Every structure is written in C-alpha cells, then in structure tokens.
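If you want the building blocks of each chain, they are given just below.
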Amino acid sequence: MEQKVRTKPYYDELDIIKGIAILTVFYVHSFATSPINIQASFSEDVQNFIENFNMGLFFFVSGFLFSLKDSWPEFLKKKVKRILVPYIVFCCLNVALRNIFSGFTISQNKENIFEVLINGQHYWFLHTIFLILLAMKCVNGRQKYGIPLFIVIILLSFTPLYKCKVLHVNRFIMFFPYVYIGYLMKLYYVDIKKYLSSWLLIAALFVLAITIFHFGKHSKEAIRFAYIPVSVLYVWGFSIKISEYMPLAKKIFCYFGKYSLQYYLNQMLIMFVAYRVTYYISYYGGIHIPVINLVICFLTAIAISTVLLFIEKQHKYLKIASGL
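Engineer: Describe the packing of aromatic side chains, and please don't skip the residues or the numbers.
Structural biologist: A full pass over the atoms with the stated rule returns 41 aromatic pairs. Measuring from ring centre to ring centre gives 5.9 Å for Phe-125 and Tyr-264, while their planes differ by 80°; the resulting arrangement is edge-to-face. Of this pair, Phe-125 sits in helix α6 (residues 124-139) while Tyr-264 sits in helix α13 (residues 260-285); the two residues are 139 residues apart in sequence, bridging distant segments of the chain. Comparing Phe-125 with Tyr-264, the two get one shared label, buried. With a centroid separation of 5.4 Å and 80° between ring planes, the pair formed by Tyr-255 and Phe-256 is classed as edge-to-face. Look at Tyr-255 and you get partly exposed, because its relative accessible area is 32%. Overall, the relative accessible area of 11% leaves Phe-256 in the buried class. Through successive ring pairs, a cluster of aromatic residues spans Phe-58, Phe-59, Phe-60, Phe-90, Tyr-123, Trp-124, Phe-125, Phe-175, Tyr-178 and Tyr-264. Arg-171 extends its terminal NZ or CZ atom over the ring of Trp-124, reaching a point 4.0 Å from the ring centre.

Engineer: With reference to specific residues and values, describe a nonpolar patch on the surface.
Structural biologist: On the surface, a cluster of nonpolar side chains totalling about 420 Å² of accessible area is made up of Ile-289, Val-291, Ile-292, Val-295 and Leu-299. Of note, Leu-299 is situated in helix α14 (residues 290-312).

Engineer: Describe the nonpolar core, listing the residues and the values that go with them.
Structural biologist: Judged by nonpolar contacts, the single largest core of 88 residues is most densely connected at Ile-22, Phe-59, Tyr-123, Phe-125, Tyr-227 and Trp-236. Ignoring anything within four residues of it in the chain, the contact list for Tyr-227 reads Phe-49, Asn-52, Phe-53, Ala-209, Ile-212, Phe-213 and Ala-222.

Engineer: Would you mind going over the packing of helix α1 (residues 12-29) against α13 in detail, with residue names and values included?
Structural biologist: Packing of α1 against α13 leaves a shortest axis separation of 10 Å and a crossing angle of 15°. Classed by the angle they form, the pair α1 and α13 counts as roughly parallel. Along this stretch, α1 crosses α13, giving a crossing that reads as right-handed. Contacts from Lys-18, Ile-22, Val-25, Phe-26 and His-29 of α1 reach α13 at Ser-260, Tyr-263, Tyr-264, Gln-267, Met-268, Met-271 and Tyr-275. For the contact of α1 with α13, the residue count by class is 8 nonpolar, 3 polar and 1 charged.

Engineer: So what about the side chain of Ser-157? Which residues, and what values?
Structural biologist: Looking at the secondary structure, you find Ser-157 in the loop between α7 (143-156) and α8 (169-187). Given a relative accessible area of 6%, Ser-157 falls into the buried group. Apart from the residues lying within four places of it in its own chain, the contact partners of Ser-157 are Tyr-162, Ile-173, Arg-224 and Phe-225.

Engineer: Run through the pattern of salt bridges, naming residues and quoting values.
Structural biologist: Counted by the stated rule, this structure contains 6 salt bridges. The salt bridge partner of Lys-250 is Asp-12, with a shortest N-O separation of 2.9 Å. With Lys-250 in helix α12 (residues 247-258) and Asp-12 in helix α1, the pair connects residues that are 238 residues apart, well separated along the chain. You can call Asp-12 partly exposed: its relative accessible area is 22%. Its salt-bridge partner being Lys-217, residue Asp-45 comes within 2.8 Å of it at the nearest N-O pair. Here Asp-45 is found in helix α2 (residues 44-51), whereas its partner Lys-217 is found in the loop between α10 (199-216) and α11 (220-245), with 172 residues between them in sequence.

Engineer: A description of unusual backbone geometry should follow, citing residues and the corresponding values.
Structural biologist: Omega for the bond connecting Ser-34 with Pro-35 falls within 30 degrees of zero, at 5°, which places this linkage in the cis form. One can find Pro-35 in the loop between α1 and α2.

Engineer: Which residues make up the packing of helix α4 (residues 72-100) against α13, and what are the values?
Structural biologist: For any two helices packed against each other, the geometry is given by the interaxial angle and the distance between the axes. Relative to each other, α4 and α13 sit at 15°, their axes nearing to 9 Å. With respect to their mutual orientation, α4 and α13 come out roughly parallel. At the point where α4 passes α13, the crossing takes the right-handed sense. Contact residues: α4 offers Arg-82, Pro-86, Phe-90, Leu-93, Asn-94, Leu-97 and Arg-98, while α13 offers Leu-261, Gln-262, Leu-265, Asn-266, Met-268 and Leu-269. Looking at the contact of α4 with α13, its residues break down into 8 nonpolar, 3 polar and 2 charged.

Criteria and thresholds
- Residues numbered from 1 in each chain as written.
- Predicted model: local features only at pLDDT ≥ 70, side-chain atom pairs only at ≥ 80, totals over all residues.
- Heavy atoms only, no water.
- Phe/Tyr/Trp six-rings, centres within 6.5 Å; stacked < 30°, edge-to-face > 60°.
- Helix = DSSP H or I, 4+ residues; strand = E, 2+ residues; numbered from the N terminus.
- Buried < 20%, exposed > 50% of the residue type's maximum accessible area, 1.4 Å probe, protein only.
- Lys NZ or Arg CZ within 6 Å of the ring centre and 35° of its normal.
- Patch = residues over 30% accessible without salt bridge, like charges linked within 9 Å, V, L, I, M, F, W, Y side chains within 5 Å.
- Areas by Shrake-Rupley, 256 points an atom, 1.4 Å probe, with all protein chains shown as cover.
- Salt bridge = Lys/Arg side-chain N within 4 Å of Asp/Glu carboxyl O.
- Core = buried A, V, L, I, M, F, W, Y, C linked by side-chain atoms within 4.5 Å.
- Contact = heavy atoms within 4.5 Å.
- Axes fitted to C-alpha atoms, helices over the stretch in contact; angles between N-to-C directions.
- Parallel < 35°, antiparallel > 145°, perpendicular 65-115°, else oblique.
- Left-handed = near helix turned anticlockwise from the far one by under 90°.
- Nonpolar A, V, L, I, M, F, W, Y, C, P; charged D, E, K, R; others polar.

Given below as structure tokens:
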C-alpha cells in the first residue's frame with residue numbers, strides 16, 4: 001500500500017499551540033453568568049489575562065500555515081470546505097437553537113440568520129480568518145505588497161473605521177497584522193525557533209506579558225501591539241518545550257489542536273447546556289466553591305464537545321459540515 005508522503009515540514013508545536021488555544025477558549029467561556037453566576041466570584045483579570053490573547057494564537061498559527069502553492073481554484077476549494085461550509089452550517093444551527101430557547105437566555109431576543117452570517121456573529125473567528133486569508137492570497141504573501149498593506153491596516157486601526165462592526169471590519173483590521181506576522185515567522189522559523197527554545201527567553205517573555213497586562217490592561221493599544229504578540233511568543237516557546245520534554249502533555253494538546261476547529265464549532269452550541277449542568281450539580285450537590293464550579297463547567301463543556309466530535313466523525317455529511 002502506497003503511503004502518503006508529507007511534502008512540507010511539520011512542527012508539533014503548532015498543534016500544541018492550537019490545543020492550548022482551544023482549551024483556553026473553553027476556559028474563558030466557562031465563566032457563566034446565568035443560570036449560575038461564576039464570573040461574579042472572580043476578578044476580571046483572571047478571565048481577561050487569557051481572553052485578551054487566546055484568539056491571537058489562532059491567527060498567528062493561521063498565518064504560519066498559509067501556503068502560496070495552491071492556485072486560486074484550489075485555494076478557494078480548500079477554504080470553502082474547511083472554513084465557509086462549517087461557518088454557514090454551525091451559524092444556522094446556533095441561531096436556530098438560540099431562537100428556540102430564547103426564553104431561557106439572558107437577552108431573550110431572536111436573531112436574524114442573514115445578519116448573523118453577513119456580520120460574522122458568534123463564529124466570528126471563521127468569518128474573519130476567511131476574509132484575511134482572501135486578502136493574503138490577493139497579495140500572494142509577497143512582502144512587496146504585504147508589508148505596505150500591513151502598514152496601512154495598522155494605520156487604519158487609529159481611524160473610526162476600526163470601530164466598524166459591519167462584516168467585522170474592526171476584527172479584520174485588528175487581526176490581519178497577526179496573520180501576516182505569523183506568515184513572516186515561517187520564512188525565518190529555523191532561526192526564530194532557536195531563540196524561542198530558550199527557557200530564559202520564555203520566562204522573560206512571560207514576566208514581560210504580566211507586566212504589560214498589569215500596567216496596560218486599560219489601553220487597547222498596549223494590549224494589541226504589545227501584550228498579544230508577547231503572550232503568543234511565550235506560549236509558542238513553551239509549546240516547543242512541551243514538544244521536546246513532555247510527551248503526555250504533547251499528546252493531549254496535539255489531540256485538541258488537531259480537532260481545534262471542531263471543538264470551536266461544538267462548544268458554541270453546547271455552552272448553555274454546560275452552564276445548566278454546572279448549575280444543577282452546584283445546587284443539588286451543595287457545591288458553592290467558585291473554582292470547583294468553574295472546573296465543572298470547563299470539563300462538562302469539553303466532555304459534551306468530545307461526544308459531538310465522536311458523532312461527527314462517524315457520518316459522512318457531519319464530517320463535511322464540521323470541516324473534518
């Protein structure tokens with residue numbers, strides 16, 4: 001039997017980074033406010049320290065994985081299959097569930113599916129990364145065009161356009177630079193990896209990230225231009241160390257990284273259920289310790305999402321719908 005030959009370098013740390021990123025998404029979304037209010041028991045910093053950079057990890061890695069080899073038809077075929085189809089399917093499911101159970105949610109408002117799809121609500125990451133990768137393909141990744149576009153987008157972030165939420169223009173402006181930096185990292189990764197493999201640099205970046213967050217958490221510019229890149233780099237460096245010295249952790253994070261898209265899609269559908277389960281366990285079990293309730297919600301969400309992933313992997317059309 002002919003084996004499939006890998007034609008491009010594979011780095012374990014990329015799957016580890018994605019694994020860390022998706023687990024932090026579950027962590028951030030586990031701070032429920034209803035029917036159990038977990039969030040009120042914690043300082044905002046406990047949540048925001050992670051929330052401010054975890055999606056940045058995905059954008060940096062997306063840029064790193066961006067390829068120039070595909071023709072336009074091949075590129076569009078892959079992105080439609082991997083991003084656009086899951087985006088449309090799960091947005092429709094999400095809106096349907098929110099409308100059916102609107103009476104049990106905080107807002108109690110019904111949503112318009114067309115507005116959600118166009119403006120990228122709920123699954124905004126897929127909406128934004130699809131547009132950014134289209135832009136990357138248009139400039140073909142070339143620094144001749146990419147760097148001027150990079151500079152223009154940075155400048156746009158200081159204009160009123162940065163506040164425009166239509167088509168998620170604001171998030172396009174915010175995250176395009178991270179994707180492009182991730183792409184540039186790949187071009188020089190052999191040398192970059194040597195530096196990121198240093199425990200001393202990882203520790204220094206971590207301390208720097210804490211310092212920036214402490215003194216700049218009320219400044220959007222400090223978060224975007226300093227905190228997020230520094231945090232991504234220390235997580236990246238730590239992921240390299242996990243790949244080299246922590247086989248069990250590597251296996252766990254790589255698993256979640258491999259299926260990070262599916263976990264991202266699933267968790268948006270089931271967090272309401274996880275909140276309810278946590279509430280009932282807390283109420284009937286007499287558990288009123290916020291940290292334990294947070295852990296229960298976190299593990300419940302992962303468990304339900306894993307069951308959904310198992311089901312999705314068993315059926316052809318569910319595999320297509322979830323981007324498998």
